[in-house]
Amino acid sequence: MESSVGAMTDDRASQVTRSDLAEPREAETSTAKSTSTVHRISLLAHRLSSISLTGSSSTSTSPGRVVSPTPVVPQLQTCRVSPVALSVFKGWGCSLGWWANYVGLSPHESMYCDLLFTDRTVSLFDQELPGLKLNIVRYNVGSCGRPGDVRNLLEKLPDVFPWYRRIEGFWVNWQNQDPDSESWDWTRDAAQRSILDHAIKRGVTNVELFSNAPVWWMTKQKSSAGGTLQSWNKKDWAVYLAIVAQQFISRYKVDVKSVSPINEPTSGYWKFPKNQEGCNLSRDQQRTIIAHLREELDARGLHHVVVAGPEENDPRTCADTWRDYKGKLARLDEAKRMSEKSVGAMLGKVNVHSYQGQSPNRDNRAREALRDAVNRAVPIAMSEYGDDEGSGLALATTILEDFHHLNPVSWCWWQPIEPSSSWGLVNAYCDATSEVAPKSRQELGKPMWVYTKLYVFAHFTRFIRPGYLILGTESSHDTVVGYDLAGRKLAIVCLTKPGESKIRKWEFAGYLKVGATQAKVMTTKLDHSVLWDDSTVAIDTKFSTLTLESVGGMIQSIVIEDIDL
């Protein structure tokens, strides 16, 4: 659970209007089911009205233009690209966590890994899905055990905690810290490790380990499903994560880049019993755990592995936590030994989520406050986001606001595969109501539905690639621009919201040198009537301009080759 939305529960629901939201990551709740059903009915309506899913039945009058059935007078928008780079983008990713726990080792795992981690076209139902080519995965280091792991001590597993969210931990009991002893079991969590292996073989280069809770026996409640950490286990939690990082590097040959030890720690969401892993932590506890983790990684020669955090639910809370870290030392033991430097100096990356309770974050001042507080001391990564809106409008809006107001170096989706709710990009069967994992994995992961927002996400992940310079735009925040310096290629992704109609005129003279005579355009309509339609648009070489009309509820990607800064 990378948090946030993934963590949304009744506690989070109290922060927003329940009627406006589906229960987060809850395939079983009536709210989520109704949201998903409404969207499915909407898509079925398109099919029944004979609208082609390939977009061939849409009326095209010029390259890149799709006529809306309810015309709106278009507004002229002049767009200019700033030659100043805001950041160097590191890539797109997703968490593995729950979905990999039931898709892994199933007959469908290769298909999903092709869809998520390559640019191959994946045929599913009557659609040709564009592969997302994600290059980052966040591996959920689990905290759950098995019966008999600790003699005379029973792990508490609440009924609301479904089997597929119970991620197995590797440290079986506290009797020995030696990873080769019987206190450790490296055969566990096989399904998630299988997905990780598939992802790496398909080109994933950035692996982050993240933790939502300490191992169950480290908590006061003897459960990872919410609660608090025993005071004497703060160092043990760090030892556990450092050993897992070491073993993944040496045993599984995984190039671990970073470890994120805590998840939405300040939120107060994690009161036992919860329906997922979680742990409430004071900032004093957070500082101690982070400092211990840095020590334990260094003690094992893992100086290059970055400690990331604090994974707060929203940017404003994250800014407050960062200021606390930056200005304070950590208490390392009961003898009051203090760290030699501030916790802020121990973090190599600030991870934040783009939520506001259960909702997508729309507080851009908070984003800017975090950006300004960090002030380029370390990179900022948007490490988790998800929503229950199937068209992709909320997703695209959040990405654009993050890029313009937060300037993250990477951006990760929470759960790309979900049992039945629209928190996922794809719905896949997992027998979510069962109390235990099914004996056969044959039916697990069977695809059931694809949401339009998969195509919307693909516009960003396929065209704004790792290594691109993120350039500013002087006139609009409905657009993100990336530049491939080595390939001399400019990529533009722009959103036109429902009810809008725009004629965007891109002016490059004085900013960029354009050698191309035309640009490639990819179009997706949020109403599912046009999914992945490619075309071209002419470039006015005399004035170095490109003009493209966009009609309500549409996302478009423009790629221009042979262009220089």
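My aim in this report is to walk through the structure given alongside it, one point at a time. (Residues numbered from 1 in each chain as written. Predicted model: local features only at pLDDT ≥ 70, side-chain atom pairs only at ≥ 80, totals over all residues. Heavy atoms only, no water.)

Details of the overall build of the protein
To keep things clear, this is the line we draw: Helix and strand definitions follow DSSP, with helices as H or I runs of at least four residues and strands as E runs of at least two, each counted in order from the N terminus. Any pair of residues with heavy atoms lying within 4.5 Å of one another is described as a contacting pair. The method behind every accessible area is Shrake-Rupley, applied with a 1.4 Å probe, and residues are considered shielded solely by the protein chains displayed.
A tally of helices and strands in the protein yields 12 helices and 28 strands. Expressed as a percentage of contacts within the protein between residues at least 6 apart in sequence, the contacts between residues at least 24 apart total 75%. Surface accessibility of the protein: about 20,900 Å² in total, with carbon and sulfur atoms responsible for 51%.

Concerning the packing of helix α4 (residues 109–117) against helix α5 (residues 190–201)
Operational definition: Axis lines are fitted to C-alpha atoms, over the contacting stretch for helices. Their N-to-C directions set the angle, which ranges from 0 to 180 degrees. For classification, angles of less than 35 degrees are called roughly parallel, those exceeding 145 degrees roughly antiparallel, those between 65 and 115 degrees roughly perpendicular, and all remaining angles oblique. By the definition used in this description, the sense in which the near helix is turned from the far one sets the handedness, with an anticlockwise turn below a right angle giving left-handed and a clockwise turn giving right-handed.
Look at α4 against α5: their axes get within 10 Å of each other, and the N-to-C directions meet at 50°. What the angle tells us is that α4 and α5 run oblique. As α4 packs across α5, the resulting crossing turns out to be right-handed. In contact with Glu 109, Ser 110, Cys 113 and Phe 117 of α4, α5 contributes Ser 194, Ile 195, His 198 and Ala 199.

A closer look at the sheet that holds strand β10 (residues 306–312)
Sheet strands associate in pairs through backbone hydrogen bonding, adopting either a parallel or an antiparallel arrangement. Heads up, the rule is: Strand pairing is assigned whenever DSSP identifies at least 2 bridges connecting the two strands.
Strand order in this closed barrel of 8 strands is β4-β7-β8-β9-β10-β11-β14-β15, and the pairing throughout is parallel. Across this sheet, the average inter-strand angle for adjacent strands is 25°, counted without regard to direction. The pairing of strand β11 (residues 349–353) with strand β14 (residues 380–384) spans 4 bridges and is classified as parallel. By the bridge assignment, Val 350 is partnered in β14 with Ile 380.

Structural notes on the pattern of salt bridges
Filter applied, for reference: Salt bridges are defined by distance alone: a side-chain nitrogen of Lys or Arg within 4 Å of a carboxyl oxygen of Asp or Glu. The rule is simple: take the accessible area with a 1.4 Å probe, protein chains only, and divide by the maximum for that residue type; under 20% is buried, over 50% is exposed, in between is partly exposed.
One pass over the structure, following the stated rule, counts 32 salt bridges. The residue Arg 287 makes a salt bridge to Asp 324 at a minimum N-O spacing of 2.7 Å. Of this pair, Arg 287 sits in helix α7 (residues 283–299) while Asp 324 sits in helix α8 (residues 315–327), and the two are 37 residues apart along the sequence. Here Arg 287 falls in the buried class, since its relative accessible area comes to 7%. The exposure class of Asp 324 is buried, given its relative accessible area of 12%.

Structural notes on the packing of helix α11 (residues 393–405) against helix α12 (residues 453–463)
Here α11 crosses α12 at 25°, and the two axes come no closer than 9 Å. Relative to α12, the element α11 lies roughly parallel. In this structure, α11 uses Leu 395, Ala 396, Ile 399 and Leu 400 to contact α12, whose residues at the interface are Lys 453, Val 456, Phe 457 and Phe 460.

Let's talk about the pairing of strand β26 (residues 545–551)
Among the 7 residues in β26, 6 count as buried, and that is most of the element. As judged from the 2 bridges shared by strand β25 (residues 533–540) and β26, these two strands associate in the antiparallel manner. Residue pairing for β26: Asp 540 is matched across the bridge by Thr 545. Joining the antiparallel neighbours β25 and β26 is a turn of 4 residues, in which Ser 544 adopts a positive phi near 55°.

Considering the sheet that holds strand β17 (residues 426–428)
As summarised here, the arrangement of the 3 strands in space is β16-β17-β18, forming an open sheet in which the pairing is mixed. This sheet does not close on itself; its edge strands, each paired only once, are β16 (417–418) and β18 (447–450). As judged from the 2 bridges shared by β16 and β17, these two strands associate in the parallel manner. Following the sheet pairing, Ile 417 is matched in β17 by Val 426. This element, α4, spans β16, β17 and β18 of the sheet and lies at about 165° to β17.

Examining the pairing of strand β20 (residues 479–484)
Of all 6 residues in β20, 6 are buried, a share of seventy percent or more. Taking every second residue as pointing to the same face, both faces of β20 are buried, with Thr 479, Val 481 and Tyr 483 on one and Val 480, Gly 482 and Asp 484 on the other. When strand β19 (residues 469–473) meets β20, the two strands line up antiparallel, connected through 3 bridges. Paired with Leu 471 across the two strands is Val 481, which belongs to β20. The turn linking β20 back onto strand β21 (residues 489–496) is made up of 4 residues, and Arg 488 within it adopts a positive phi angle of 55°.

A word on the packing of aromatic side chains
The test is simple: Aromatic rings from Phe, Tyr and Trp, taking only the six-membered ring of Trp, are treated as a pair when their centres fall within 6.5 Å; an angle between ring planes under 30 degrees marks them as stacked, one over 60 as edge-to-face, and anything in between as tilted. Criterion for a charge above a ring: Lys NZ or Arg CZ within 6 Å of the ring centre, and within 35 degrees of the ring normal.
Evaluated as defined, the whole model comprises 27 aromatic pairs. Centre to centre, the rings of Phe 463 and Trp 532 are 6.2 Å apart; their planes meet at 20°, and the pair counts as stacked. With a gap of 69 residues between them, Phe 463 in helix α12 and Trp 532 in the loop between β24 (518–525) and β25 connect regions that are remote in the sequence. Judged by its relative accessible area of 17%, Phe 463 falls in the buried class. An aromatic cluster is defined as three or more aromatic residues linked by ring pairs; in this entry it consists of Tyr 139, Phe 170, Trp 171, Trp 174, Trp 184, Trp 186, Trp 217, Tyr 240, Phe 248 and Tyr 252. Over the aromatic face of Phe 210 sits the side chain of Arg 138, whose NZ or CZ is 4.6 Å from the ring centroid. Here the basic side chain of Arg 165 rests over the ring of Trp 98, its NZ or CZ set 4.2 Å away from the ring centre.

Quick word on the side chain of Asp 478
Along the chain, the position of Asp 478 falls in the loop between β19 and β20. With relative accessibility at 11%, the residue Asp 478 sits in the buried group. In this structure Asp 478 touches Gln 77, Leu 400, Val 493, Cys 494, Leu 495, Lys 502 and Arg 504, once residues within four positions along its chain are discounted.

A few points about the state of the cysteines
Note the following rule: Note that a disulfide, as used here, is simply two cysteine sulfur atoms within 2.5 Å.
Counted according to the given criterion, the structure contains 0 disulfides. Free cysteine: Cys 79, not disulfide-bonded; nearest cysteine sulfur from Cys 494 at 7.6 Å. Given the relative accessible area of 1%, Cys 79 is considered buried. Residue Cys 412 stays outside any disulfide, its sulfur separated by 7.4 Å from that of Cys 94, the closest cysteine.

A few points about unusual backbone geometry
Residues Phe 272 and Pro 273 are joined by a peptide bond in cis, for which omega reads 0°. Along the chain, the position of Pro 273 falls in the loop between β9 (256–260) and α7. Cis rather than trans, the peptide bond between Gly 309 and Pro 310 has omega equal to 5°. Mapped onto the elements, Pro 310 comes out in strand β10. One non-glycine residue, Phe 125, adopts positive backbone phi at about 55°. Note that Phe 125 resides in the loop between β5 (121–124) and β6 (127–130). Residue class for Phe 125 comes out partly exposed when judged on its relative accessible area of 49%. For Lys 222, which is not glycine, the phi dihedral falls at a positive 55°. Within the secondary structure, Lys 222 is located in the loop between β8 (206–211) and α6 (234–250).

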